[in-house]
Structures are given as structure tokens and as C-alpha cells.
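Summary of structural features
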Amino acid sequence: MYIPELSNYSYSTRQAEEQFSVGWLSEDHEFTTGHVNPMVVSRLKELPIVNKYRGFHICPYCEDKPAMGNGEIHVIDADGRKFVAPTMIIHYIEAHNYKPPNIFLQAVMGEPTEDVDVENEVKEAMARTMAERVDSAICGRSNKY
Ligand SMILES: [Zn+2]
């Protein structure tokens, strides 16, 4: 299941809390790649898995024997923001060079996020999603004629 990066956590029905989705990738959407501090990965592995039986996620990028994950990892930063990632995020980082948004990486490392322009990061992530939507809308239209 694909959820745009840093969008409000869409599994949840509670809108009041600030919750951001990270790492809900799917094959028809591009993702950011780059080097991720190995400490981030080992910390992610230490975090408890929650909502374990909500369904399986199958890696869309593995060619044979795709990796599978079932559950979520929740990361809460110093300001109380909650990030919700599938357990598969560890596999995406390790096997497919995925680089989550900086604000998430900092939250995992327990670094203060006061210097991070959250609104800007969210805005950028939203802009990328909007651009994708426009692209697919254009494709949709050209298919019609
Ligand atoms: Zn994979």
C-alpha cells in the first residue's frame, strides 16, 4: 500500500494528532535514495513492532523471493511528532538504498528536530506527490483521446 511521504497517517481515523507516514513505498512511485547512517538501521531494528497483524507488505522491488513484512514501527521525536513506518522500511534501506526524509532520520537518532523546517519538508513531500498526480492526470487524459 502506498502512502505519500510525510502525509498524515491514513490508517488512522484520529485526525487530531500529528502523525506522519514514512516509507510506504510502491513500485509505481519513485523514492529517494542515498546513504543512510547504519546507526539508524540498527535503531530501527531495536524498536518494537506494533499493529502486527494488520496485513502483509510484500517488497515490490525484489525480483525473486520478495521480502515480506507485517507491522509498523512508530518513532516519536523530541517534539512529540509521531512517524509511522512499515517494518519493511528496514529492508528498503538495506536492500534498495532507500533514504527516508531527514526529519525521520533525526527522530530515529533522537536528535533534536527544532532546527528542522518541518513545514518545509512536508511541503516538499506534498509537492512531489502533487507533481506525480498531475503526471498521472495528464497520462489519463492522453489515453482518452
Ligand atoms: Zn526488496
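Before going into details, it helps to say that this report is about the structure given with it. (Residues numbered from 1 in each chain as written. Predicted model: local features only at pLDDT ≥ 70, side-chain atom pairs only at ≥ 80, totals over all residues.)

Looking now at the overall build of the protein. Within the protein one finds four helices and five strands. For the protein, the N- to C-terminal ordering of α and β elements is β-α-β-β-β-β-α-α-α. Per-residue burial over the protein gives 25% buried out of 145 residues. Expressed as a percentage of contacts within the protein between residues at least 6 apart in sequence, the contacts between residues at least 24 apart total 55%. (Helix = DSSP H or I, 4+ residues; strand = E, 2+ residues; numbered from the N terminus. Buried ≥ 20, exposed ≤ 12 C-beta atoms within 10 Å, placed from the backbone. Contact = placed C-beta atoms within 7 Å.)

This part covers unusual backbone geometry. The phi dihedral of Lys65 falls on the positive side, at around 45°, and the residue is not glycine. Looking at the element boundaries, Lys65 is found in the loop between strand E2 (57-58) and strand E3 (68-69). Notably, Asn97 is not glycine yet its phi reads approximately 65°, a positive angle. Looking at the element boundaries, Asn97 is found in the loop between helix H2 (88-96) and helix H3 (102-109).

This paragraph deals with the nonpolar core. Val22, Phe83, Ile89 and Phe104 are the most contacted members of the largest nonpolar core, which has 24 residues in total. Elements represented by at least two residues in this core include exactly helix H1 (38-46), strand E4 (72-76), strand E5 (82-86), H2 and H3. In contact with Ile89, other than residues within four places in its own chain, are Val22, Gly23, Leu44, Ile73 and Pro100. (Core = buried A, V, L, I, M, F, W, Y, C linked by C-beta atoms within 7 Å.)

Below, the discussion takes up the packing of H1 against H3. Viewed as axis vectors pointing N to C, H1 and H3 meet at an angle of 65°, and their least axial separation amounts to 9 Å. Considering how the two elements wind past one another, H1 and H3 form a crossing that is left-handed. Here Met39, Val40, Arg43 and Leu44 of H1 come into contact with H3, specifically with Leu105, Val108 and Met109. A per-class count over the contact of H1 with H3 returns six nonpolar, no polar and one charged. (Axes fitted to C-alpha atoms, helices over the stretch in contact; angles between N-to-C directions. Left-handed = near helix turned anticlockwise from the far one by under 90°. Nonpolar A, V, L, I, M, F, W, Y, C, P; charged D, E, K, R; others polar.)

With mixed pairing, the three strands of this open sheet are ordered in space as E1-E5-E4. In this open sheet, the two strands that pair with only one neighbour each are strand E1 (19-21) and E4. Taking each pair of neighbouring strands and ignoring which way they run, the sheet shows an average axis angle of 25°. (Pairing = 2+ DSSP bridges.)

For the rest of this paragraph, the subject is the pairing of E5. In terms of burial, E5 is a largely internal element, four of the five residues being buried. Alignment of E1 against E5, held across three bridges, turns out to be parallel. Among the inter-strand pairings, Gln19 is bridged to a residue of E5, identified as Lys82. Pairing of E4 with E5 involves five bridges; the strand directions are antiparallel. What sits directly across from Ile76, in E5, is Lys82. Here E4 folds back onto E5 in antiparallel fashion, the turn holding five residues, of which Gly80 has a positive phi close to 90°.

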